[in-house]
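Remarks on the overall topology
What follows is each chain in one-letter form.
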Amino acid sequence: MDITSSEAQQIGSCTILAGNSILIYDHMVTLPEEITFIWRRPKMLSAMLFLLNRYFALLCNISSLVLNFVPLSDESCSEYILYRQLTYIFQAVMVCFIMTIRTYALYGGSKRLLTCMTTIMVTLAIAVSVGGVGRFAGDFLPGVGCYETYAEATAARLGLAWVAEMVFELLIFILIVYRICKTRGLWRFSRRNVIDIIFQDGAMYFGAMTLVNVPNILTYYSGSVAIRSNLATVTSCLSVTLISRLMLNLHKSIDTGICSIPAQDEGPSLAIFTTRINLQSANSSHY
């Protein structure tokens, strides 16, 4: 059944509203914990990344939500679409960077691993930016807000950004599972220490993002013209929300959060953590 232009706009507006609702609701629910474990504690690297990821996404998505319901000219719509694409990429890069630092710390501050992961992340980001952002304009449907439809070839190129993010998240998840299974075994986890939190929250993040990102990617490659890219805002907002939750859970256990490095790189238990990380300026240790 064909979808009319009006119905396509309604679907797009509803998905944007849904994504923002998830982001804003979670922000309100977790604000007391944020004040307790982030604002009232020393502002280390992990806390600064948490705040940047959380508030940049919040401000950008709220502004996009408002502009979506404002009548704009075709020229203004093109600028708005470019702005939205850039915010998607920056939010994705920010989330990937946070996961990279967390994995780097989990591997005892391995510079080789950090260099390799950073190279992969930068390569994917450049390829996506050069290949898709701002170069493939779509057709704007008449009505309130900017709703853009894409041709099949254009949608396929834009969908590569989400494929790249999913591939990087899969790589991170494999590295975390390998590291923890190597040192502790798969079935010996509880909620008693930081390592368990990293594994369980990481598994939940990857599982939830897979459930959302796979349908999002499919809209670009097999969806009708009217629904292509409709799940992008939901996917981006959920990614920011989940990574914020993950970081907040770590800060409940230790001030350094994702920057905590195992005191013993190959010991039988990784429950003991310290703040020995080159990207951080803190001099104190946490045991």
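In what follows, the structure referred to is the one given above.
What this report covers is the structure whose coordinates are included nearby. Here the structure is a predicted model, which is why all the values come from computation and not from measurement.

1. Observations regarding the packing of aromatic side chains
- Inspection of the entire model under this criterion finds three aromatic pairs.
- Ring centres of F56 and F90 lie 4.4 Å apart, and the angle between their planes is 50°; on these two criteria the pair is classed as tilted. With F56 in helix α2 (residues 45–68) and F90 in helix α3 (residues 74–106), this residue pair connects regions lying 34 residues apart in the sequence.
- Seen in terms of ring centroids, F173 and F206 are 4.7 Å apart; in terms of plane orientation they differ by 5°. Their pairing is stacked. Placement of F173 in helix α5 (residues 152–183) and of F206 in helix α6 (residues 194–221) is noted, with a sequence separation of 33 residues between them.
- By relative accessible area, F173 is classed as partly exposed at 22%.

2. Some thoughts on the nonpolar core
- Counting residues in hydrophobic clusters, the biggest one holds 41 residues, and the most contacted among them are I98, M99 and I258.
- When contributions to this core are tallied by element, the ones reaching two or more residues are α1 (5–39), α2, α3, α4 (111–132), α5, α6 and α7 (232–253).
- Broken down by element, this core gets its largest block of residues, nine residues, from α7.
- Among residues more than four places away in sequence, those in contact with I98 are L49, N53, I243, M247 and I258.
- The next biggest cluster of nonpolar side chains, apart from the first, holds 12 residues, and it includes I81, W162, I217 and A232.

3. Structural notes on α5
- Over its 32 residues, α5 extends 46 Å from the first C-alpha to the last, a length consistent with the 46 Å expected when each residue adds 1.5 Å.
- The largest bend along α5 reaches roughly 25° and is located at L160.

4. Some thoughts on the pattern of salt bridges
- Tallied over the full model, the rule gives three salt bridges.
- The salt bridge involving K252 is made with E33; its shortest N-O contact spans 3.1 Å. With K252 in helix α7 and E33 in helix α1, this pair connects stretches of sequence that are 219 residues apart.
- Classification of K252 by relative accessible area gives partly exposed; the value is 34%.
- In this structure, R54 and E34 form a salt bridge, with 2.6 Å as the shortest nitrogen-oxygen distance. Taken together, the residues R54 in helix α2 and E34 in helix α1 connect sequence positions 20 residues apart. Comparing R54 with E34, the two get one shared label, buried.

5. Notes on a nonpolar patch on the surface
- On the surface, a cluster of nonpolar side chains totalling about 250 Å² of accessible area is made up of L31, I35 and W39.
- Checked against the element boundaries, W39 lands in helix α1.
- Relative accessible area serves as the criterion here: at 42%, W39 is assigned to the partly exposed category.

6. So, the environment of L106
- Its place among the elements puts L106 in helix α3.
- Assessed through its relative accessible area of 1%, L106 is described here as buried.
- For L106 and I198, which are 92 residues apart along the polypeptide, the C-alpha to C-alpha distance reads 8.9 Å.

Definitions and cut-offs
All residue numbers refer to position in the chain's written sequence, counted from 1. With pLDDT at 70 or above as the cut-off, local features in this predicted model cover only qualifying residues; side-chain atom pairs require 80 or more to be listed or tallied, and sums for whole chains, interfaces and linings still use all residues. As a rule here, side-chain values come from all non-hydrogen atoms in the structure, and water together with hydrogens is ignored. Pairing of aromatic rings covers Phe, Tyr and Trp, the last counted by its six-membered ring, and requires centre-to-centre distances within 6.5 Å; plane angles under 30 degrees mean stacked, over 60 mean edge-to-face, and any other angle means tilted. Strands here mean DSSP runs of E at least two residues long; helices mean DSSP runs of H or I at least four residues long; both are numbered from the N terminus. Here's how the labels work: a residue is buried when its accessible area is under 20% of the maximum for its type, exposed when over 50%, partly exposed in between, all with a 1.4 Å probe on protein chains only. Take the buried Ala, Val, Leu, Ile, Met, Phe, Trp, Tyr and Cys residues and link them wherever side-chain atoms come within 4.5 Å; each set so joined is a nonpolar core. Residue contacts are defined here by distance: any two heavy atoms, one from each residue, within 4.5 Å place the two residues in contact. How far a helix is expected to stretch is found by multiplying one less than its residue total by 1.5 Å. Note that the bend at a residue is defined as the angle between axes fitted to the seven residues ending at it and the seven residues starting at it. Put simply, a salt bridge is a Lys or Arg side-chain nitrogen that is within 4 Å of an Asp or Glu carboxyl oxygen. For patch building, the residue pool is restricted to those with more than 30% relative accessible area and no salt bridge; the joining distance is 9 Å between like charges and 5 Å between nonpolar side chains (Val, Leu, Ile, Met, Phe, Trp, Tyr). Surface accessibility follows the Shrake-Rupley procedure with a 1.4 Å probe radius. Residue values consider only the protein chains on display as shielding.

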